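# Chain and residue survey
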Amino acid sequence: ILAKQTPNYSLLKNDEDTIRLCFNENPFGVSPKAIEAMQKSMTDASKYDFKYADVLKSKLEEKNQLNKENFLVSAGSSFLLELIAKYVSIDKGHIVIPEPSFTIFAPITEFLGMSKTVVPLNSNKEIDLESMLKSIKSDTKLVYICNPNNPTGHLLSREKMENFIQKVPKNVTILIDEAYIEFTNQPSLSDLVNQYKNIIVTRTFSKLYGFAGARLGYAIAHPEFLKNLEKLQSWSGGEISIVTMAGGIAALEDTDFTNKVLKNNQLAKEFTIKELNKKGIKVISSETNFVYFSLENYKEDYFNRLKSAKILGGKTYEDEGKWTRISIGTLEQMQKYTKAVFG
Ligand code: PLP
């Protein structure tokens, strides 16, 4: 049995040739059109220039066929998870979260006095919506669903999600984290926000657009919900650099870049899964830019092999650390990865 392991992230500090397959980053970097726009915007960096946020919201409005009032932009979507966690904690209560999932906000709710129910994945490694529903109590304030889920890459169908949303009491906030939705063929659930005032969808520029370091994300919800959230901010969106917003505006239009990213991701993911399958490794089918698999049948020292090849992989999860996640890089990087681990 493998102990729970976290890779040596200190390798990240200096080595240019380290292959980063640890944080589901974009292996092609930032969209070139975004870089150009960011460079141009730097001369405005001395100003409190509100037009950037306004243009960004207009672009999001256009792209998602909603109104500006349905959007809250922020410096990355983690910031929004945090803001929502603080908001639901105001009168204390209870949250329901799946495990494993991207629950970085859960410690904040605990610190602010909330209790929680952690619901394990079902035997297919899917978020167990039935059990999540059953875990809702009279004081439950929030249910979190990451769709597709990180670390598994599994996507719950729209039909299942809609059915779930209908059954959750209307006083319970349903936080739907769609950080990876662009990698799937399923549309966002954001079109439901005006119909269901208790859902909030979070999205990010970190993955498809390569903005993990630039920091840009947004929430989509009913305007009333967002107005309440904004009460926790002195200046909504004031934490985002205008350079980042300028980049975000341009990135939304750089379809050459996003098409390249999506095409590569599909090819490199198929290649990786095929190689893992050849070695008898159990892999969860993924609709994201990462793959979740079991090290149960792997006889070598996985993390040592990664280290020797200067590859950073993900940490381990579940069943005493039998499961791990690898981000999908370029095809060439994935060839190096499979050779290093299985060669
Ligand atoms: N949500 C999920 C599911 C993620 O995997 C991540 C980052 O990996 C985030 C949110 C946070 O993204 P960011 O804060 O960069 O927008």
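Parameters and conventions
Residues numbered from 1 in each chain as written. Predicted model: local features only at pLDDT ≥ 70, side-chain atom pairs only at ≥ 80, totals over all residues. UniProt positions renumbered as here; feature names shortened; annotations may be inferred. Near = placed C-beta within 6 Å. Nonpolar A, V, L, I, M, F, W, Y, C, P; charged D, E, K, R; others polar. Helix = DSSP H or I, 4+ residues; strand = E, 2+ residues; numbered from the N terminus. Expected span 1.5 Å × (residues − 1). Buried ≥ 20, exposed ≤ 12 C-beta atoms within 10 Å, placed from the backbone. Arc of directions from axis to C-beta. Pairing = 2+ DSSP bridges. Axes fitted to C-alpha atoms, helices over the stretch in contact; angles between N-to-C directions. Left-handed = near helix turned anticlockwise from the far one by under 90°. Contact = placed C-beta atoms within 7 Å.

As annotated in an unreviewed UniProt entry, the protein is Histidinol-phosphate aminotransferase from Cloacibacterium rupense. The Sequence similarities (unreviewed entry) comment attached to the protein in UniProt states, word for word, "Belongs to the class-II pyridoxal-phosphate-dependent aminotransferase family. Histidinol-phosphate aminotransferase subfamily."

Around the ligand, the structure places 13 residues, and the nearest of them are Gly76, Ser77, Ser78, Thr204 and Ser206. Of the residues assigned to the shell around the ligand, the class counts are four nonpolar, eight polar and one charged.

Let's shift gears to unusual backbone geometry. Excluding glycine, residues mostly have negative phi values, and the peptide bonds linking residues are mostly trans. Between Asn147 and Pro148 the backbone carries a cis peptide bond, its omega angle lying at -5 degrees. Relative to the helices and strands, Pro148 resides in the loop between β5 (140-146) and α6 (158-167). Backbone torsion omega between Asn150 and Pro151 reads 20 degrees, so that peptide bond is classified as cis. Here Pro151 shows up in the loop between β5 and α6. One non-glycine residue with positive phi stands out, namely Lys92, at about 60 degrees.

Okay, helix α11 (residues 331-342) next. For α11, with 12 residues, the first-to-last C-alpha span of 16 Å sits near the 16 Å given by 1.5 Å per residue. Taken as a whole, α11 has its buried residues at Met334, Tyr337 and Val341. The buried side chains of α11 occupy one side of the element, clustering within an arc of 55 degrees when seen end-on. Residues of α11 that are exposed and point over 90 degrees away from its buried face: Glu332 and Lys339.

Attention shifts here to the UniProt feature "domain: Aminotransferase class I/classII large" (unreviewed entry) in the protein. UniProt's entry tags residues 17-337 with the feature "domain: Aminotransferase class I/classII large" (unreviewed entry), counted in the numbering of this structure. Between the C-alpha atoms that bound residues 17-337 the distance is 13 Å, and the span itself is 36% helix and 17% strand.

A few words now on the sheet that holds strand β3 (residues 94-99). Taken together, the seven strands give an open sheet; going across it, the order is β2-β8-β7-β6-β5-β3-β4, and neighbouring strands pair in mixed fashion. With one partner strand each, in any of the chains shown, β2 (71-74) and β4 (115-120) form the two edges of the open sheet. If you compare each strand with its neighbour and ignore which way they point, the axes differ by 20 degrees on average. Of the pairings in the sheet, the one linking β3 to β4 comprises six bridges and is parallel in character. In the sheet register, Ile97 faces β4, and the bridge partner there is Val118.

One way to put it is that helix α1 (residues 32-41) packs onto helix α8 (residues 242-251) with a least axis distance of 7 Å and a crossing angle of 145 degrees. The way α1 lies across α8 gives a crossing that is right-handed. Every residue of α8 that contacts α1 at Lys33, Ala34, Glu36, Ala37, Met38, Lys40 and Ser41 is listed here: Ile242, Val243, Ala246, Gly247, Ile249, Ala250 and Ala251. Of the residues contributing to the contact of α1 with α8, the split by class is nine nonpolar, two polar and three charged.

Turning our eyes to something else, we now look at the sheet that holds strand β9 (residues 290-294). Strand order in the open sheet formed by three strands is β9-β12-β11, with antiparallel pairing between adjacent strands. Two strands close off the open sheet at either side, each with one partner strand: β9 and β11 (316-317).

For helix α3 (residues 77-88), which comprises 12 residues, the first-to-last C-alpha distance of 17 Å matches the rise-based estimate of 16 Å (1.5 Å per residue) to within 8%. Along α3, the positions that sit buried rather than exposed are Ser77, Phe79, Leu80, Leu81, Leu83, Ile84, Ala85 and Val88.

When you line up the elements, Lys274 lands in helix α9 (residues 255-278). Separated by 74 residues in the primary sequence, Lys274 and Ile200 have C-alpha atoms spaced 36 Å apart.

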